[in-house]
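Next come the chains, spelled out residue by residue.
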Amino acid sequence: MLGLWVLLWGSLALQGRADTAFLRRAPDSAGHCTYSFTVASPVEAACPEAAGGVPELRAELAALAVRLSRLESRERTMGGSGPGGAREPQQGIGGQQMCPAAVGGGIRILIEETAAFRVAAVGHGVPEGGGGRHGSAWGWPSPCSHYADPTAAPRWEPQPLTFQELQSERTEVPVSQLLEETALGRPGGADSAGCGELVWVGEPVVFGRADTIAGKYGVWMKDPEPVPPFTRDTTWRVDAVGTEVRQLFQYEEAEQLARGYPAKVHILPRPLESTGAVIYRGGLFFQPRHSRSVARYDLRGETVTAEREIPGAGYHGQYPYSWGGYTDIDLAVDETGLWVIYSTESARGAIVLSKLDPETLEIRRTWETNIRKRGVANSFLICGTLYTVSSYSAANATINFAYDTATGASRALSIPFENRFRYLSMLDYNPSERQLFAWDSFNMVTYPVRLSQA
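Report on the accompanying structure. (Residues numbered from 1 in each chain as written. Predicted model: local features only at pLDDT ≥ 70, side-chain atom pairs only at ≥ 80, totals over all residues. Heavy atoms only, no water.)

1. Quick notes on the sheet that holds strand E12 (residues 283–286)
The following threshold applies: At least two DSSP bridges between two strands are required for those strands to pair. Strands are runs of DSSP state E lasting at least two residues, helices are runs of H or I lasting at least four, and both sets are numbered from the N terminus onward. Each axis is a line fitted through C-alpha atoms, and for a helix only the stretch in contact is used; angles between axes span 0 to 180 degrees, taken between their N-to-C directions.
Pairing in this open sheet of four strands is antiparallel, and the strands run E11-E12-E13-E14 from one edge to the other. In this open sheet, the two strands that pair with only one neighbour each are strand E11 (278–280) and strand E14 (303–309). Strand-to-strand twist of the sheet, defined as the mean angle between neighbouring strand axes without regard to direction, takes the value 25°. With four bridges connecting them, E12 and strand E13 (residues 293–298) associate as antiparallel partners. Along E13, the bridge assignment pairs Leu284 with Tyr297.

Spelled out as structure tokens, the structure:
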């Protein structure tokens, strides 16, 4: 193919003259196959000096540039760039850029000629980087210049012939931010149906903020299985700082909670202890103050309908979570029902789980884990598995342990969990929304979660 190009160049250079040309194919000193041809000069009996031959060579190069410009114009008129638009140039002989594949054969041949002339010119003493105004060594436009995108800035400037340093910049994006933007990472996404293991917790989303010291820590929640007239949008809140915590605030929706105006305030007949309360099937389940009991407050009848003591459960600071706050007895709800999380003297401070009947509060079954309750900041249940949080104040905490009630086995985890406001006092799972509800230093927040496929 190269021999054909060389012959074509020779024919163009001679402009149809009938002088005899000789083509020779032989390996060079490095072993590469090379093609060369010889044409006898019709007017010169002897070759001039190298310096004297430069003007003639420049003249021939100028003529070649004219032919190249005409072919480029013809290619533009015929739409040679094609429907695909501009393409990246390819490298030809001597590092010269080649036009895209859509360019006609004539232009490609002239490009190869340009490369050959450049090599020849250097051999005759013409500086390689000399004098070009438009990025070409000889002052004419680059043969592929009209294929560049006119709206884009040039990505590489070949003149002057010096090295340009390429730099790369790395931007770290949290994995949670990437996953949250996918359907699988959103509550109600493709993986929301059925149960599975917790594999991801997203970044916290703030819904409201308490404006008094009573809201330093507290409880906020929605009923995953509401009873009319309440709905899944009905939101409940308790500010838990104080010795006589009796107020239960009712909001028609979370947006009303964000504005701070409750639809109703329930006054509990007994004060509750700490932040372990939950709402489930039309009732508020809570630990009455200074007791090892749990009680059910009916939200429609506004009375306590059931109360039961948890045998041997520590209370009022005996076996709290690591942040304190009299969090000895913690109630939880998941896809399987109502739970109570606590510890006993016989368990030596390890977490004990009991499944409760939501109407009578009778204990159906109990599991004793090997997870020390004072060693974790909080806990919650998803699909019958207990999960614990490593710290209530570290910004970058983790979900560090899991205990599966189906197998009775525990395992260590390291799922990132963000304490944005550095004081996590309440954490509960809502199975209908597939979100964690949390109270973090005056702030009411939610965390999206993702479960593995069952």
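Now that the structure has been shown, the text picks up again.
2. Concerning the pairing of strand E8 (residues 235–239)
Selection rule: Burial classes: relative accessible area under 20% of the type maximum marks a residue as buried, over 50% as exposed, and values in between as partly exposed (1.4 Å probe, protein chains only).
E8 sits mainly inside the fold: five of its five residues count as buried. In the sheet, strand E7 (residues 218–222) pairs with E8 via five bridges, with the strands oriented antiparallel. Bridged to Val219 within E8 is Val238. As defined by bridge partners, E8 adjoins strand E9 (residues 247–251) across three bridges and the pair is classed as antiparallel. Across the sheet, residue Arg237 finds its bridge partner in E9, namely Phe249.

3. Details of the packing of aromatic side chains
For clarity, the threshold we go by: Side-chain rings of Phe, Tyr and Trp, where Trp is taken by its six-membered ring, are said to pair if the distance between their centres is within 6.5 Å; with planes under 30 degrees apart they count as stacked, over 60 as edge-to-face, and otherwise as tilted. Whether a charge lies above a ring is judged from NZ of Lys or CZ of Arg, which has to be within 6 Å of the ring centre and within 35 degrees of the ring normal.
This model, assessed by the stated rule, comprises nine aromatic pairs. Relative to Tyr423, the ring of Trp323 has its centre 6.0 Å away and its plane inclined at 75°; by these criteria the two rings are edge-to-face. Note that Trp323 is positioned in the loop between E14 and strand E15 (330–334) and Tyr423 in the loop between strand E22 (409–418) and strand E23 (424–430), a separation of 100 residues in sequence. On the accessibility criterion, Tyr423 (23% relative accessible area) is partly exposed. In this structure an aromatic cluster arises from ring pairing among Tyr217, Trp323, Tyr392 and Tyr423. Directly above the ring of Phe249 sits Arg237, whose terminal nitrogen or CZ lies 5.9 Å from the centroid. Between Lys373 and the ring centre of Tyr321, over which it is positioned, the NZ or CZ distance is 3.9 Å.

4. Quick word on the pattern of salt bridges
Rules: Salt bridges are counted wherever a side-chain nitrogen of Lys or Arg sits within 4 Å of a carboxyl oxygen of Asp or Glu.
Tallying each qualifying case throughout the model produces twelve salt bridges. With its nearest N and O atoms 2.9 Å apart, the salt bridge here joins Arg237 to Asp239. Assessed through its relative accessible area of 7%, Arg237 is described here as buried. The buried category is assigned to Asp239, whose relative accessible area is 14%.

5. As for the state of the cysteines
Covalent bonding between the sulfur atoms of two cysteines defines a disulfide. Stated formally: Here, the term disulfide refers to a pair of cysteine sulfur atoms separated by no more than 2.5 Å.
Inspection of the entire model under this criterion finds one disulfide. Covalently, Cys195 is tied to Cys383 through a disulfide, its sulfur atoms 2.2 Å apart. On the S-S bond that ties Cys195 to Cys383, the torsion sits near -90°, and the link is left-handed. Of the two residues, Cys195 is situated in the loop between helix H4 (175–180) and strand E5 (198–201) and Cys383 in the loop between strand E19 (378–382) and strand E20 (385–389); the sequence distance between them amounts to 188 residues.

6. Overview of the sheet that holds E7
Taken in spatial order, the four strands make up an open sheet running E7-E8-E9-E10, and their pairing is antiparallel. Among the strands making up the open sheet, the edge pair consists of E7 and strand E10 (264–267). Adjacent strand axes in the sheet meet at a mean angle of 20° when their direction is disregarded. Pairing between E9 and E10: four bridges, direction antiparallel. Residue pairing for E10: Phe249 is matched across the bridge by Val265.

7. Observations regarding the nonpolar core
What counts, and what does not: Grouping buried Ala, Val, Leu, Ile, Met, Phe, Trp, Tyr and Cys residues that are joined through side-chain atoms within 4.5 Å yields what is termed a nonpolar core. Throughout, a residue-residue contact means that at least one pair of heavy atoms, one from each residue, lies within 4.5 Å.
Counting 41 residues, the largest nonpolar core has Met221, Leu248, Leu284, Leu299, Ile341 and Leu353 as its most contacted members. Excluding residues that lie within four positions of it along the chain, Met221 makes contacts with Thr234, Thr235, Trp236, Val238, Leu248, Ala277, Val278, Ile279, Leu284 and Phe437. Core analysis: the second largest hydrophobic core is formed by 21 residues, Cys383, Ala402, Val445 and Tyr447 among them.

8. Points about unusual backbone geometry
Residues Pro228 and Pro229 are joined by a peptide bond in cis, for which omega reads 10°. Its identity as a non-glycine residue notwithstanding, Arg434 has a phi of 55°, on the positive side. Tracing the backbone through its elements, the reader meets Arg434 in the loop between E23 and strand E24 (435–440). For Arg434, a relative accessible area of 7% gives the class buried. With a phi angle near 50°, Ser441 is a residue other than glycine that sits in the positive phi range. Assignment of secondary structure puts Ser441 in the loop between E24 and strand E25 (443–451).

9. Focus: the side chain of Lys222
Stated precisely, the cut-off is as follows: Counted as a polar contact is a pair of N or O atoms within 3.5 Å, where, for protein atoms, one must be capable of donating a hydrogen and the other of accepting one, and residues adjacent in sequence contribute only when both atoms are in side chains.
One can find Lys222 in strand E7. According to the relative accessible area criterion, Lys222 is buried, its value standing at 12%. Within the structure, Lys222 has its side chain in polar contact with the side chain of Glu433 (distance 3.2 Å). The contact partners of Lys222, leaving out residues within four places of it in the chain, are Arg232, Asp233, Thr234, Thr235, Ala254, Ile279, Asn430, Glu433 and Phe437.

10. Details of the pairing of E12
As a general feature of sheets, a regular strand has side chains that alternate between the two faces. Where burial is concerned, the two faces of E12 agree: the one with Gly283 and Phe285 and the one with Leu284 and Phe286 are both buried. As paired strands, E11 and E12 are joined by three bridges and run antiparallel to one another. Each residue of the ladder has a partner; that of Tyr280, found in E12, is Gly283. Counted between consecutive antiparallel strands, the loop separating E11 from E12 contains two residues, among which Arg281 sits at a positive phi close to 50°. Counted between consecutive antiparallel strands, the loop separating E12 from E13 contains six residues, among which His290 sits at a positive phi close to 55°.

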